Amino acid sequence: MKIILRGGFVVSGRTSKRADVLIDGEKIENVGHVMASAPWDTEVVDVTDCYLFPGFIDAHTHFDLAVAGTTTADDFESGTRAALRGGTTSIIDFACPNKGETLAHGLRLWHEKADGKCWCDYGFHMTIDDWNDGIERELDDMIEAGITSFKMYLTYPAMLLSDEQIYLALTALKKRGGVCGFHCENAGAIDARIAMLKAEGHGAEVSSHPLARPDSLEAEAVNRVLRIAQMVDTPVIIVHTTSYEALFEIEAARTRGQTVYAETCPQYLLLNDSVYYDPDYSRAARYVCAPPIRTQEDADALWLGLRRGSLQTISTDHCSFTLAQKEMGRGDFTKIPGGLPGVETRGELIYTAGVAGHRLSLAAMCRVLSENPAKLYGLYPRKGVLAPGSDADIVVYDPNVGHVLHGAELVSKAGYTPFEGFETSGSIRSVYLRGALAVDRGEFIGARNGLYLQRGKCTL
């Protein structure tokens with residue numbers, strides 16, 4: 001049976017217009033005035049005055065990740081379930097082999113973690129935390145397996161690469177048409193600042209976290225990566241951009257003629273560093289992530305960057321821990337597991353603070369949540385657009401029915417939300433995954449139906 005979503009406003013990366021959407025099986029058959037041409041037994045769903053977005057894509061999640069002596073609260077089962085409820089119909093997680101392990105081992109391990117457990121469609125980036133001839137030879141196998149994007153770190157001992165290794169890896173990726181994202185912080189200077197803060201007696205204070213990882217050390221690492229990429233002459237992605245200083249370096253590289261893509265996250269747009277100064281340890285520790293949440297001035301600069309197109313995507317960096325897990329750092333702020341839940345609330349937060357808050361247009365929201373990540377990560381036009389032939393991944397957003405966010409009501413196993421008590425402007429009414437109604441008014445319809453996405457190369 002075919003389905004018509006009738007009476008809504010179809011949102012694209014350029015505009016929004018009142019139109020019907022005709023779904024046939026897993027695909028969109030037509031967009032426009034389709035009632036007259038529909039078969040007699042077509043199901044008609046009234047979505048009058050709702051916005052119809054292409055399914056959101058979260059290209060930065062960490063599910064079932066062993067880190068900081070523990071494992072994230074959300075695995076692929078609960079994480080993708082939370083994602084789907086929040087309108088995200090595709091996620092791209094990071095396969096993370098350890099130093100000394102092959103990329104193939106990392107890919108097998110992540111398939112074991114995810115296959116058969118996902119509620120939404122899913123793909124993988126591949127983390128490169130070691131570099132040698134064997135890793136380089138494996139790049140061809142990764143791209144053949146649909147892994148066309150990679151990630152490297154300028155911090156964390158278990159993942160840190162030298163500038164020489166980064167140069168060689170980028171050169172190898174350029175030959176193959178792969179694209180790489182970077183976590184940019186200066187590891188050595190951060191270690192020195194941590195030692196200084198502890199020596200001064202501030203090791204137990206959560207407020208030491210942002211002091212140890214200031215925006216200047218993010219900006220320095222961004223500049224260093226971009227200068228290396230300039231020498232290689234290859235595009236790169238700066239993930240979870242947090243600050244004006246980092247954005248300045250990105251825009252300077254573009255002025256030099258470089259191709260740079262940049263991502264930010266809801267926590268850097270809607271929160272500020274005052275969260276770390278709460279005298280209650282648990283209330284402050286729940287916000288610890290890396291890079292840290294910055295100042296209100298930085299948040300304002302990021303919103304401006306989104307409007308100008310300086311930032312292409314909003315992902316979540318969903319890396320969830322329970323409040324009990326956050327207790328691991330009581331007495332030593334460096335032992336607080338770093339990361340926040342966010343995959344379930346992103347769409348409503350960005351609509352509320354962005355569109356309803358007059359910081360973003362509907363079209364811009366579609367670009368940063370759907371269209372741009374689909375193009376950047378080789379999924380367009382299968383994903384990221386409501387057009388004939390595309391997957392019928394559809395978010396029905398009702399701007400007239402808001403609610404208040406409470407962690408206890410969310411699917412994520414973190415048990416809390418960084419946005420507790422946040423009042424939304426509107427809400428996600430329903431979600432279709434490849435033509436099937438998957439979520440209706442917060443309730444799940446059906447079961448796990450996520451497919452692995454073998455991705456192409458960047459077209460953004």
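As a reminder, the structure under discussion sits directly above these lines.
Residues numbered from 1 in each chain as written. Predicted model: local features only at pLDDT ≥ 70, side-chain atom pairs only at ≥ 80, totals over all residues. Heavy atoms only, no water.

Colleague: An account of the overall build of the chain is requested, with residue identities and associated values reported.
Modeller: On a plain count of helices and strands, the chain comes out with 14 helices and 21 strands. In summary, the chain has a C-alpha radius of gyration of 21 Å against a globular reference of 23 Å for 460 residues, a match within 12%. C-alpha extents for the chain along the principal axes are approximately 75 × 50 × 45 Å. Counting all 460 residues of the chain, 60% fall into the buried class. Counting only contacts in the chain whose residues sit at least 6 apart along the sequence, the fraction spanning at least 24 positions is 75%. Accessible area of the chain: about 16,900 Å², with a carbon and sulfur share of 51%. Taking the 45 positively charged and 60 negatively charged side chains of the chain as two groups, their mean positions are separated by 3 Å. (Helix = DSSP H or I, 4+ residues; strand = E, 2+ residues; numbered from the N terminus. Rg over C-alpha atoms; globule rule 2.2 N^0.38 Å. Buried < 20%, exposed > 50% of the residue type's maximum accessible area, 1.4 Å probe, protein only. Contact = heavy atoms within 4.5 Å. Areas by Shrake-Rupley, 256 points an atom, 1.4 Å probe, with all protein chains shown as cover. Lys, Arg positive; Asp, Glu negative; His and termini not counted. Charge placed at Lys NZ, Arg CZ, Asp CG, Glu CD.)

Colleague: Which residues make up the sheet that holds strand β6 (residues 43-46), and what values do they have?
Modeller: Taken in spatial order, the 4 strands of this open sheet run β5-β4-β1-β6, and their pairing is mixed. Looking along the sheet, the strands with just one partner apiece sit at the ends: β5 (27-32) and β6. When strand polarity is set aside, the average angle formed by the axes of neighbouring strands in this sheet is 20°. Sheet topology places strand β4 (residues 20-24) next to β5; 5 bridges connect them, and they run antiparallel. Bridging from a neighbouring strand, L22 pairs with N30 of β5. (Pairing = 2+ DSSP bridges. Axes fitted to C-alpha atoms, helices over the stretch in contact; angles between N-to-C directions.)

Colleague: Account for the sheet that holds strand β11 (residues 88-95), naming residues and giving values.
Modeller: Strand order in this open sheet of 8 strands is β8-β11-β12-β13-β14-β15-β16-β17, and the pairing throughout is parallel. Two strands close off the open sheet at either side, each with one partner strand: β8 (56-61) and β17 (313-314). Relative to strand β13 (residues 149-153), strand β12 (residues 121-127) is paired through 2 bridges, and the arrangement is parallel. Paired with T127 across the bridge in β13 is K151. Running at roughly 160° to strand β16 (residues 260-264), helix α8 (residues 244-255) makes contact with β15 (236-238) and β16 of the sheet.

Colleague: Describe the pairing of strand β1 (residues 3-6), and please don't skip the residues or the numbers.
Modeller: Bridging between β1 and β6 involves 4 bridges; their strand directions are parallel. The residue bridging I4 from the neighbouring strand is V44, located in β6. Sheet topology places β1 next to β4; 3 bridges connect them, and they run antiparallel. Across the sheet, residue I3 finds its bridge partner in β4, namely I23.

Colleague: Outline α8, listing residues and values.
Modeller: Every α-helix winds through 3.6 residues per turn, so residues three or four apart in the chain are directed the same way. Look at α8: 16 Å from first C-alpha to last across 12 residues, which is about the 16 Å you get at 1.5 Å a residue. Within the sequence span of α8, burial applies to A246, L247, E249, I250 and A253. Down the axis of α8, the buried side of the element spans an arc of 155°, and every buried residue falls inside it. In the core, the buried residues of α8 are packed alongside α7 (215-232), β15, β16 and α11 (296-308). Positive phi appears at G257, one or two residues downstream of α8, with a value of about 105°. (Expected span 1.5 Å × (residues − 1). Arc of directions from axis to C-beta.)

Colleague: Account for the packing of helix α4 (residues 163-176) against α7, naming residues and giving values.
Modeller: Taken N-terminus to C-terminus, the directions of α4 and α7 make an angle of 45°; their axes are 10 Å apart at the nearest point. Considering their axes alone, α4 and α7 lie oblique with respect to each other. Two packed elements cross with a definite hand, and for α4 against α7 that hand is right-handed. Listed contacts from α7 to D163, I166, Y167, L170, T171 and K174 of α4 are R224, I228, A229, M231 and V232. Taken together, the residues of the contact of α4 with α7 break down into 7 nonpolar, 1 polar and 3 charged. (Parallel < 35°, antiparallel > 145°, perpendicular 65-115°, else oblique. Left-handed = near helix turned anticlockwise from the far one by under 90°. Nonpolar A, V, L, I, M, F, W, Y, C, P; charged D, E, K, R; others polar.)

Colleague: Outline the environment of E220, listing residues and values.
Modeller: Structurally, E220 is set in helix α7. Under the relative-accessibility criterion, E220 is labelled partly exposed at 30%. Taking C-alpha positions, E220 is 24 Å from P337, a pair spaced 117 residues apart along the chain.

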